[in-house]
Amino acid sequence: MQYTGDVATIQQRLAETSDLYRRRLAVLDALDPRPGERVLEVGCGGGPLLPAIGAAVGSGGRVVGIDISGDQIAAARRRCAEHPNIDLAVHDVCLLPYDAAAFDAFVAIQVIEYLDEPAQALAELRRVVTDRGRAVILATNWDTVFWNGADDGLNRKVLLAWRQHAPHPNLPADLRPLLGQAGFQVMHQAPVTIINRAYHEDSFAYWAARLMVAFSLARDLMTTEDADAWLASLSTAQEADRFFFSSTPVLTVAAAAVP
């Protein structure tokens, strides 16, 4: 999944929903950034979490946001223009240009599951955090996604196609051994469930549906006619008061393990 162009725009609209605002609060609480700390956000997207981290670490701290997408970093620079303690750059998480122990913590929201080599990325992230460093990772068990009210046959097509959008679609199940191999110890895992009982522009489901369609069409995994029919069936379900959506992101908190 490449978050550029129209897909980047959809992702940014998704990030502005109330569902993801509440999810960011949960992530921020788990990260617990403190005055003077240095924090790295991997895959920062358009930067919706960065100002809150910047406020928490204060003028004596530093926040760095990186993303592989230039479109996303451009959006993050606009959002963070008034925050002098936030730096932004296009970088690959597997090849970070930072010194060892450069950060006190890192956070990655819906990022690691999209990497071909998550073990390599986690090892690199362990290198750049201190021996007391913290890791906060949020990833979704995508096989738990449930849509009610849409056409069953089209639902199956969309979900089958969407399973191909990430190399590791159920990453939370594998994170503990991956983090352990990289030099972290998992302290806590908890669901940050999203439930939508209505389908509208401030719901996660509304923009997630458009992401799924964009991916499926770009990979020729479904026809335009089927994509349009599926989106229309979601709207019809909303009108009939039959719409329901749920997914299960999992928040994983880990600490650097000192040998």
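Structure first, text after, so check above.
In this text, all values refer to a predicted model and were calculated from it rather than measured experimentally. (Residues numbered from 1 in each chain as written. Predicted model: local features only at pLDDT ≥ 70, side-chain atom pairs only at ≥ 80, totals over all residues. Heavy atoms only, no water.)

Draft legend 1. Region of interest: the pattern of salt bridges. Throughout the structure, instances matching the rule amount to eleven salt bridges. Salt-bridge contacts for Arg-13 lead to Glu-201; the nearest nitrogen and oxygen are separated by 3.2 Å. Here the residue Arg-13 occupies a position in helix H1 (residues 5-15), and Glu-201 occupies one in the loop between strand S8 (194-196) and helix H8 (204-218), the gap between them amounting to 188 residues. With its nearest N and O atoms 3.3 Å apart, the salt bridge here joins Asp-104 to Arg-38. On the criterion of sequence distance, the pair formed by Asp-104 in strand S4 (residues 103-109) and Arg-38 in strand S1 (residues 38-42) is long-range, its members being 66 residues apart. Residue Asp-104 is classed as buried on the basis of its relative accessible area of 17%. (Salt bridge = Lys/Arg side-chain N within 4 Å of Asp/Glu carboxyl O. Helix = DSSP H or I, 4+ residues; strand = E, 2+ residues; numbered from the N terminus. Buried < 20%, exposed > 50% of the residue type's maximum accessible area, 1.4 Å probe, protein only.)

Draft legend 2. Expanded view of the sheet that holds strand S5 (residues 129-140). One open sheet accounts for seven strands, arranged S3-S2-S1-S4-S5-S10-S7; its pairing is mixed. Of all the strands in the sheet, the pair left with one neighbour each is strand S3 (86-90) and strand S7 (184-191). Between one strand and the next, the sheet's axes are offset by a mean angle of 15°, whatever the strand orientation. Note: strand S2 (residues 62-67) against S3, five bridges, orientation parallel. Along S3, the bridge assignment pairs Asp-67 with Val-90. (Pairing = 2+ DSSP bridges. Axes fitted to C-alpha atoms, helices over the stretch in contact; angles between N-to-C directions.)

Draft legend 3. Representation of the side chain of Glu-113 in the model. Examined against the element boundaries, Glu-113 turns out to sit in the loop between S4 and helix H5 (118-128). Here Glu-113 sits buried without a salt bridge, and the closest side chain of opposite charge, Arg-23, lies 7.6 Å off (N-O distance). Setting aside anything within four residues of it in sequence, one finds Glu-113 in contact with Leu-138, Ala-139, Thr-140, Trp-142, Ala-166, Pro-167, His-168 and Leu-171. (Lys, Arg positive; Asp, Glu negative; His and termini not counted. Contact = heavy atoms within 4.5 Å.)

Draft legend 4. Region of the structure containing the pairing of S1. Most of S1 is tucked away, with four of its five residues classed as buried. Handedness of the crossover is the feature at issue here: the chain leaves S1, passes through helix H3 (residues 50-57), returns alongside S2, and the resulting connection is right-handed. Direction of pairing for S1 relative to S4: parallel, over a ladder of four bridges. The residue bridging Glu-41 from the neighbouring strand is Val-107, located in S4. (Right-handed = clockwise from strand over helix to strand, strands pointing away.)

Function cannot be inferred from these measures alone, as they are strictly geometric.
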